[in-house]
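Here is what each chain is made of, one letter per residue.
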Amino acid sequence: MFRHISLALLACSIAGSHADDIAPAIAPTTSFAYERFPDSEKQAFLAGYNAALARGEARLAANRQAAEPIIAKKCLDGDIISKRLVIVDGLLRHIRERAASNAPDAWLQTRQALRELALFNDYFADAISEHHRQEALKTRTVSVKDYGALGDGSHDDGPAIRKAIADNHPATGERVVIHFPKGNYVLAGREDGWNGLETYSNNPFTLGGPQLIRAASGSHLNLHNLQDLTLQGEDGSTLTFNHLTTTGILLYGCRSVAINNLTLRRPLNGVSEGHIVAVAEDRKSIDVQTDPITPDPDHDIFKKDRWVNYLFEESERRFVPASGVHRLANVEKLSEHLYRFHNRGSYPASWRPGLRTALFARGGAATMQAIHSAFCHFDGLKFRESSCNSFSISTCHATAITNCVVAPISDQHRVSTPADAVFVGNNSIAPYVANCHFERMGDDGYNTLYHSPTLAKVTGATFTVRKSSNDFFPGATAQFFSPSTGQILAERQVLSTTREKDPTLGYLVHVTVDQPLPDWLQCELNPRSYMTLVRTGEDPKNARYGDLVINRNTCGMGAVVVNNRYVGNRNLGINIQAPNALVQGCTFEDISSAALCFGAMIIWVELPGPHNLTVRDCSFKRCPTGIFSRYTLHDSSIATSSPFANILIEGNSFEDCPKTISLRNTDHAVVRNNTLSGTSTSISIPPTDNNNPVLENNRSDDDQRAAPPQ
């Protein structure tokens, strides 16, 4: 059973590393009830809440004043800060609405929102300080050709490039620019830097507390613990990574590292493309002629985990719905570039000779990966034939991605990458992504999410999750919640954590918290599936989706996505599963699924609903769904207890998007001044699923007000 906590104590338990912004911490260890608190206690809570909010707003005002000269310069830093100030203004409205709400969990949501305000204030202080520090640096430039790099497209230039970086490790007070004259620089083989060590390092510029630091491995170019370094290419400079399943460039523990104006490519990506030449009578197999410019299906990259998608109608060369995903039983080679794909089930009647197909390998490595790094900037990069995510940004702080392109290398290729263009996980402040072009991903254009491991084991005050990374560092707040309702079941402070690799269960993270967890969370490792759990004393056959645990302060909030173009994505244009985001001035064309989605992915377990989201001045063309909110994996009749609150959708245009805007489980959603044309006719915000929706001045192409909520 839930134990109650008084609101007076709750107001005082807003804890974390931001004590200046929020009320003093006293024993922030109690599990929380969802029943409404007695009216007699609200006054005591509000006193603590008002004091915490006043401190946060005072600090925000000081940060805003300090940022004004930077914003006035019209520089990148100023633009990023100004847009995140817009987000924070919305967060303040959200905090006040939550505090005034009668929802059973409003007090918990208010406390979390105050934590988010504190994290933003930390970010602004860091960003202002970092800007002034960068302005004071001197710059020194060296060329990789001075260290023996040839750039001839065949010689392994990896040793020369690594030596140029190692010999010019930036000294205090300077930024070193490693210059790549025009050429094709090949980085061959693996650079394995793994030494088996794991230690805690206090990186205040990442997540505000001690971090689990692991030596990096498996990258062509490993930039480890570097600061104030720029890799700068001339127009036409290319870095070629010859290994499909090895990360291209890895930044680990870096601060203010920039990589500019380079084309990053591999000889092949993780997609084998072709067309159907024959379909078996029982439809259990198809014969596919693969394109010589793509890897054949017997390549090692496809042997770990593989499935076949049909992506394009030959006549339109557009993505078709995501339902065309079929797991393979096996692949049989018939002759050179001719293969038989045996299905575990059967192929649909629509599959016919001439239809384009693609075999995806999702076990490849990112082309650009940043881990445990802060204020890194990627500008003017062109990605060609990535074998997995083009950008993978994990446990980072305030990354900037500008003027980059992820697109097929030529018109012969239908797919640029089998995965996401930008994948974001476990970040404190999400990346700023602006003026980029993302075309024909095998998955999402931009995906920022909570990291939500399923509880594998709970014993007393220790819980275990299955995952290879760790965001439960000492001092973190671990929140436990139900995947089907989104309700927070308990909350604890992390004391310590250890990591191991079990020979049969994979990576395990064991986390000790400050008080024992409730009896109803006690469970055991289930060998059947990491997504399910076995309650103590239960038969494993009765295993169900397990309760989840997150550190919500590492969820990648504060995403700014502006002036980007998303074309022909296989899945979603933008997927936002974290709070406090701004999407502005973006173009979405020919997206297979929803152009912009917020909420948990359908194939993943449910997460708490993100809040404070603004979508304005965007263009949606020929997308089956324009803007869509997801909730509740298991039962569509059960709304999460944490709704998508404070949603603003304004000034957007929709052309031929049949399911134009569809919102469910929102609180204070405002949809106004949007224009609809062609087959874009539907704005669905059912009042049974949404609290206080507002629709104003949304007009179709006949200048009539769009359909009211149904």
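Residues numbered from 1 in each chain as written. Predicted model: local features only at pLDDT ≥ 70, side-chain atom pairs only at ≥ 80, totals over all residues. Heavy atoms only, no water.

(A) Local environment of the overall build of the protein chain. Each helix and strand counted, the protein chain has five helices and 54 strands in total. Across the protein chain, the fraction of contacts at a sequence separation of at least 24, relative to all contacts at a separation of at least 6, is 70%. When the accessible surface of the protein chain is split by element, carbon and sulfur atoms take 50% of a total near 26000 Å². (Helix = DSSP H or I, 4+ residues; strand = E, 2+ residues; numbered from the N terminus. Contact = heavy atoms within 4.5 Å. Areas by Shrake-Rupley, 256 points an atom, 1.4 Å probe, with all protein chains shown as cover.)

(B) The arrangement of the pairing of strand β41 (residues 581-584) in detail. Across three bridges, strand β38 (residues 560-562) lies against β41 in parallel orientation. Each bridged residue has a counterpart across the sheet, and for V560 the counterpart in β41 is L582. As paired strands, β41 and strand β44 (residues 613-616) are joined by four bridges and run parallel to one another. The residue of β44 that forms the bridge with Q584 is R616. (Pairing = 2+ DSSP bridges.)

(C) Structural detail: helix α5 (residues 158-167). Within α5, the full set of buried residues consists of G158, A160, I161, A164 and I165. Packed against the buried residues of α5 are β2 (152-156), β3 (174-180), β4 (184-187), β7 (219-224), β8 (227-233) and β9 (238-241). (Buried < 20%, exposed > 50% of the residue type's maximum accessible area, 1.4 Å probe, protein only.)

(D) Quick look at the pattern of salt bridges. Evaluation of the coordinates by the stated rule reveals 25 salt bridges. A salt bridge links R115 to E491; the shortest N-O distance between them is 3.3 Å. Of this pair, R115 sits in helix α4 (residues 106-135) while E491 sits in strand β32 (residues 488-502), and the two are 376 residues apart along the sequence. A residue is classified by how much of its surface remains accessible, and R115, at 1% relative accessible area, is buried. For E130, the salt bridge is made with R133, and the minimal N-O distance between the two is 2.8 Å. Of this pair, E130 and R133 both sit in helix α4, three residues apart, which is roughly one turn of that helix. Salt bridges sharing partners connect three or more residues here, namely E130, R133, R175, D228 and R255. (Salt bridge = Lys/Arg side-chain N within 4 Å of Asp/Glu carboxyl O.)

(E) A look at the packing of aromatic side chains. Applying the stated rule across the entire model yields 13 aromatic pairs. Judged by centre distance (5.4 Å) and plane angle (40 degrees), the rings of F438 and Y566 are tilted. Here F438, found in strand β27 (residues 437-439), pairs with Y566, found in strand β39 (residues 565-567); they are 128 residues apart in sequence, far enough to count as distant. Overall, the relative accessible area of 0% leaves F438 in the buried class. The buried category is assigned to Y566, whose relative accessible area is 0%. A centroid spacing of 5.3 Å and a plane angle of 10 degrees characterise the contact between Y566 and F588, whose relative ring orientation is stacked. Of the two residues, Y566 sits in strand β39 while F588 sits in strand β42 (residues 587-589), which places them 22 residues apart along the sequence. Considered together, Y566 and F588 belong to a single accessibility category, that of buried residues. Among the aromatic residues, ring-to-ring pairing joins F438, Y566, F588, F620 and F654 into one connected group. Here the guanidinium or amino end of R84 rests over the ring plane of Y123, the centre of that ring lying 5.0 Å away. (Phe/Tyr/Trp six-rings, centres within 6.5 Å; stacked < 30°, edge-to-face > 60°. Lys NZ or Arg CZ within 6 Å of the ring centre and 35° of its normal.)

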